[in-house]
Amino acid sequence: MSEAATTLAGARKGRPSILRRWVGQALARNLSCLVVPGPEVALAHGLDLAAADMRIAATPRDATVLLIVGELSQKLDEATAVLYAQMPRPRAILVLGGSAPSSLPQADVSADLSQTELMEAATRLQRLLAEDAFAASPDDFDSSILQAKTEYVCPMHPEVVEDEPGSCPKCGMDLVAREAGGDSDAGEHDHDHDHEHEHHGHEHDHDHEHESEEHDHHHAHHNDHGQSHEHHHDHEHHQNHKRAHDHEQHQGDDDHEHAHCHEHEDHGHQQSTAQEQSGTEYICPMHPEIRQNEPGSCPKCGMDLEPHKPEEDEGVREGVPEHDHEHHHDHSGHDHDGHDHSDHDHDSSGFMSMVEVTKDLPRSADGLAMDWLEVPFGPCFPGLPGGLKLTLTLDGDGVTEGQATSLVAMNTSSEEVAVETFIERLAAAMPLAPVSYRLLACRAIEQAAGLEPDPAVERGRAAALERERIASHLGWLAQLGRQLSFVWLTRRAAALQLETQRADREQLVALRPALQSLIARLEHTPLLKARLKGIGALPHGSQDLRGPVARASGRTEDARQADAMYRELGFEMRAESAGDAWARLRQRHVEIMTSLDLVEVAGDPELPKLRAIDNPSGTGEATVETPRGRATLRLTQERGQVVSVELDSACSQHIGLVADLVEGQELGDALVAVGSLDLSPWEVTS
Amino acid sequence: MTPVLILALLTGAILFGVGIYGALSQTNLVMIMMGVELILAGALVNLVAFWRFLHPEVYAGQMFVLVVMTVMAVEMAVGFGVAIARFRAKGSVEMEEAGDLKG
Amino acid sequence: MSATQQYLILLGLALGILGAVLSLYGLARSLGATRQEPGKDVPASAGVLSRDPVWGRYHARYYGYALLFLAFDMEMAYMYPWAVVFKEVGLVALLDMGVFLAILFLGLLYGWSQGALRRQ
Amino acid sequence: MTVALVLLTLLVGAWLLAVIEAWLTTGRLRPVAPLLAGLSHLGRESILARKPDRLFFETAPVLLLVVAVLGAAVLPLAPDLVIADLATGALFLNAVLAYVLVSLIMAGWGPNGAYAMVGGWRFLGQLIAYSMLIVMPITATAMRAESLLNSAIVESQAGLWNIVYQPLGFVLFFIAAIALAFRSPFDLPTAPGELAGGVDAEYTGVRLAVLRLARLVMVITLSAATTVFFLGGWQGPLLPPWAWSLIKTLAVAVSMLLVGFYLPRIREADLLGWCWKLGIPLALLNILIVGLLILVVP
Amino acid sequence: MVVQAFFVGVFGLAAIGFGVAVFRTASMVRSALALLFSQAAVGCMFLAMQAEFLGVLQIMMMATEMSIMAIFMVMFMMDPGGLGGMDMSHQKRFSIGAGAIAAATAISVALFSDWGPIVAEAPDAAMQTRELGFEMLGRSMLVFETAAITILTAMIAATAVAIPVRQPGVDTGKLDKGNGDKEQEASK
């Protein structure tokens, strides 16, 4: 192995040539980065990627460099491995301020979290790519979470599962490859086993007879009124073997569909209201005559019973959704004059096709039962904060249900740490609002120690907090711009955020015209209001909203109101009332200006530092209005060691709103709604 | 010269045959409409060939082509409308399940 | 240049571009084959390996528009020949097309009133 | 010769656009950046998605490029500088541009990925919205020219450019053209913040390069079309005709980029609603106005 | 003439090939796009037969119409991706027979009829479009207006059949930002 092979793990295989050297140089001068956890974290750390000649890529497919900012949590680490695996070679890893994630190869370049380090690291990276983009024998990247077992199944006989491709021993059809493994497939597996169970009892030599026999069997139990039709049906089957074969094929596929949709059905049922739940019966999907009042498995085939609402039953058996019931009866009445049930027999006996497939599927508002698709958005999705994993169930491009989890949630069950360390740790754990949490920790510890607030110190602290609020809101604006492909906004807000972060009072005052013009332009940008107005409106009676989200819906919720220091600074709360994304945007505009006023009065911002404490034991509680809303920290310290911590943050509350906000929305609207909450997944406590 | 006309007519005839096959053999309403579209395409080829090689001075031939194209579009609009209604009511557009459409 | 020649040139242009792109692909291929690694070929979805196929029945919420569009679109077929002779024919042409469009517009209005012009 | 000149124009235009685009997003003016980007795409792996419809996946970028170039091929840059001045030129342009949709559906369906599929079908909705607004204003220009020949349409604007004669048509066409090229604010099928690349999401390496090139060429083609239909094509004082064509085309292309730079992405429901409830009536009104003008003003 | 025959033949074969492919693939999008290319090949045949306006029109119209067909296929087929590879046909032998007989009949008519003298020269394309325009505003004016009525009927029929009736007042100008599921519950 040559030396070059060891320097860039993600190199492509190839001997040096002129073209390859050019390519390497081109790659080096055209760094496109996939930022993990996300570009907003890099910005919050004060990193200006554009200044380092780096372009932010939206997907791993378009990235050369995997740029990791800060320490990653275990879950994010795994996601990063997936992203890395999906990047085309040549690819490089750049780690800033943290250890290289365990699931990835050794970082190609690592540096500290600062702009100068970043610039220097970029140069090193460029040299590396220019020289080593191609290597003699690069290693494959593999990780346990990337593994998938491929198995081969017969489309008609789901019980046939082989490790090798080939043909089905029962029907001779070519086996179809399918990937097993991964949690999303687990449900499908169970289902297949059930089928296997069912089929074991029968001999498959007489497939066709068997099929029709079984169907007749269905009939007999199922209903008594269909006798003549049953006869008719039988006839058809024997007359046309080819046809029976087709049906069987339908059935095979139907099973496949069923297996596939099983989890979605569950969703549908979860969605159903409590009233619906109360009268539920459980029936076997294969043997409708099996009915129980409680869940369990079918005594005939062992399949899991599926819940059914009794009133719904008739409709479902006819393949008609409940709410179209009347309509359907009209229809068949007109056409058939009393032959209501003919098509019913038809469906349930021979044609395991669309009606069977769709009858149990949940339907959207317009009554069409389509396949629902569970799609992950995040943890590294360009339009959402990094670390936030949003899973949306899509019905076309509409969202039927959504769920947000944080992969970087803070873990408060801490071992004993020294107070100083605790402050540093807490601040480092919240990359999007480090000052606020530093302040929070300082205050809580000081309170535990019985220290009275010192107005002189508090002034500087308040200024620092307000400065961070401005920067944080600007960061949100940049993120909004990224989400909406609003390039101008992203550029402008990001530049202002970088300037604000380290600015002193004078510099902040000097930024006022720039901020004012940004806000004025935004409020008059065509399309922006149409885009945001009415999106993400919170349901009435949403409990425990905080921060700008609360104030945008007219709540007078602000921890700063209770603060004597802020009263002295002349703080006055202003609130929007509409409670939608547009109101949140305007609320943040207002708050940027309010904070600017406060800083102007309060003086130079000073980073919160722990004052000298004389009594290192006790219990303290502090509340700070962080940029995202009120956060409360309760802690106990003993002899200078923090022993127990309890954190109540705004984002822990807000993340629960996501499910309500996205339900029934168009995909883009749902994402804007989630974005408008300005969630920081770090500030979610687990 | 005649060969081109014959060639076009042959193509039209075969498209017509393929369309008939499709319309008859498919079980799904939408697929049946595909067959119908092919039948109409065959008709269009014939119409244009007749216009071009027999009566290029009679523009009613071209007008006729426009009308057939309109029929194609109209057929699709109504067909899909029916398909949507049918799917909404029954959860299927398979013709074999369309007992109430066949009567 | 006769019409046939013009279309031949366009056909040649299309084939030429195809050839250029293919030779570009060949050039890229000469730099090395794609390494088969686990997870690489799974569609990228923001850090989650989602292996399930997504080819399912897709709910297009704009089908109301689509239905109207299918029919309304046909009007273009009549509009081009009309536009070309409009000046010569004069007022009659305007009236003819006016009636034609008015009729179509009625359909549009009907669809609108029935809620076809919205996300379903 | 003509073919070479037109292709050269398209390539240079695409390069200029890429430079300007990078300038807008990063604030740096680097003329070599697009070339470097192209070269680095060439050197990266092309990944094929797992269970793809390989045929669609491969066809889509090529089809998009072919469509963009064929569209440009029927637009005259100067009286004699046109690859094929078809007798049905205006209609041919429409016909070719309709295949953008086909390409995107292929790109969306091909890789069997959720983002791409949503993007592809979204674009079908987008087409249903903008399509009429492309076609109807072109018809109105053809009314004035009494011909579908693109060169005749340019010549008909000798006295007065169509942008003055039918400003409404120009505005609608310009907006619809941005939507056709699926650039911001109409980048619904690719939507970085909503679909993480959408139809582009699964393309890597040289295929991505072709796709990006095709999108840039598409902007140039549509700008050239706007020039031909509304800005008097090659006409203008002093400078030679081809220079006027180029200047106008580039101006339109840059303004298309700028519109996207200063606007957030539109909602799909708004796009459809506005195009049908406002756009189509306005486009019909435009035709009526042009018709009356032609009849009243000799 | 030879060139014309060549292209008519080639595009004819393409049209037939794609037409057959429509029914031979399990993937519904492929099927719809195969139909699209079949229709586009028919359009190219028109071009080869010097019916330029109609050819380009056919190519344009079919692109959008067949794409819309693709989405409806995806909406309503059981397995639009064709991953299960299932056969969606019935009465195959009968259908093949019927298709073959229909084609054979049409072919024999084509071959054995006396089509009379062939006109060698077609009017040029610009001429054609103009003449078609005059035809449309003159002799065929009623046909033209009838087409409008047909389209109107189709629009009304499609809307009436396909669009679900919702409670009045639901359709505000803002297109359905509301929660669809809630409406569904309300209608129960």
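These figures come from a predicted structure and were not determined experimentally.

Quick look at the overall build of chain B
Move 1: When helices and strands are tallied, chain B shows 4 helices and 0 strands.
Move 2: For chain B, the succession of helices and strands along the chain, N to C, is α-α-α-α.
Move 3: Taking all 103 residues of chain B together, the buried fraction comes to 75%.
Move 4: Contacts spanning at least 24 positions in sequence make up 60% of the contacts within chain B whose residues lie at least 6 apart.
Move 5: Surface accessibility of chain B: about 2400 Å² in total, with carbon and sulfur atoms responsible for 80%.

Some remarks on the nonpolar core
Move 1: The biggest cluster of nonpolar side chains holds 331 residues, and the ones touching the most others in it are Phe377 of chain A, Trp82 of chain C, Trp121 and Trp276 of chain D together with Phe72 of chain E.
Move 2: Contacts of Phe377 of chain A, omitting those with residues within four sequence positions, involve Leu384, Leu388, Lys389, Leu390, Leu392, Leu394, Leu667 and Leu671 of chain A together with Tyr115 and Glu194 of chain D.
Move 3: Core analysis: the second largest hydrophobic core is formed by 90 residues, Leu426, Ile445 and Val642 of chain A together with Leu49 of chain C among them.

Concerning the interface of chain E and chain B
Move 1: At the interface, 79 residues of chain E touch 69 residues of chain B.
Move 2: Between chain E and chain B, a total of about 6500 Å² is buried, with carbon and sulfur atoms accounting for 81% of that surface.
Move 3: Our enumeration of links across chain E and chain B arrives at 0 salt bridges.
Move 4: Inspection of the region where chain E meets chain B yields 7 residue pairs in polar contact (both at pLDDT 80 or more).
Move 5: Those elements that provide at least two residues to the side of chain E that touches chain B are α1 (2-22), α2 (28-48), α3 (52-76), α4 (92-112), α5 (125-137) and α6 (141-162) of chain E.
Move 6: Partitioned by chemical class, the residues of the side of chain E that touches chain B number 56 nonpolar, 17 polar and 6 charged.

Notes on the UniProt feature "transmembrane region" (unreviewed entry) in chain B
Residues and elements named next belong to chain B.
Move 1: Under the local residue numbering, the UniProt record ascribes the feature "transmembrane region" (unreviewed entry) to residues 6-24, 31-51 and 63-85.
Move 2: Within residues 6-24, the helical portion is 100% and the strand portion 0%, while the C-alpha atoms at the span's ends are 27 Å from each other.
Move 3: Spanning residues 63-85, this segment combines 100% helix with 0% strand, and its end C-alpha atoms are found 33 Å apart.

Here's the deal with the UniProt feature "transmembrane region" (unreviewed entry) in chain D
Residues and elements named next belong to chain D.
Move 1: Under the UniProt annotation, "transmembrane region" (unreviewed entry) lies at residues 55-78, 90-111, 123-143, 163-182, 216-236, 242-263 and 275-297.
Move 2: Secondary structure content for residues 163-182 is 85% helix and 0% strand, and the end C-alpha separation is 23 Å.
Move 3: From the first C-alpha to the last, residues 216-236 spans 26 Å; its make-up is 71% helix and 0% strand.

Some words on the pattern of salt bridges
Two side chains of opposite charge can pair, provided their charged atoms sit close to one another.
Move 1: In this structure the tally under the stated criterion is 45 salt bridges over all chains.
Move 2: Where salt bridges share partners, they join Arg531, Glu666 and Asp669 of chain A together with Arg122, Asp187, Glu194, Arg265, Arg267 and Asp270 of chain D into one cluster.

Thresholds, definitions, all that
- Residues numbered from 1 in each chain as written.
- Chains lettered and ligands numbered in written order.
- Predicted model: local features only at pLDDT ≥ 70, side-chain atom pairs only at ≥ 80, totals over all residues.
- Heavy atoms only, no water.
- Helix = DSSP H or I, 4+ residues; strand = E, 2+ residues; numbered from the N terminus.
- Buried < 20%, exposed > 50% of the residue type's maximum accessible area, 1.4 Å probe, protein only.
- Contact = heavy atoms within 4.5 Å.
- Areas by Shrake-Rupley, 256 points an atom, 1.4 Å probe, with all protein chains shown as cover.
- Core = buried A, V, L, I, M, F, W, Y, C linked by side-chain atoms within 4.5 Å.
- Buried area = accessible area lost by both parts, 1.4 Å probe.
- Salt bridge = Lys/Arg side-chain N within 4 Å of Asp/Glu carboxyl O.
- Polar contact = N/O pair within 3.5 Å; in protein donor to acceptor, adjacent residues only side chain to side chain.
- Nonpolar A, V, L, I, M, F, W, Y, C, P; charged D, E, K, R; others polar.
- UniProt positions renumbered as here; feature names shortened; annotations may be inferred.

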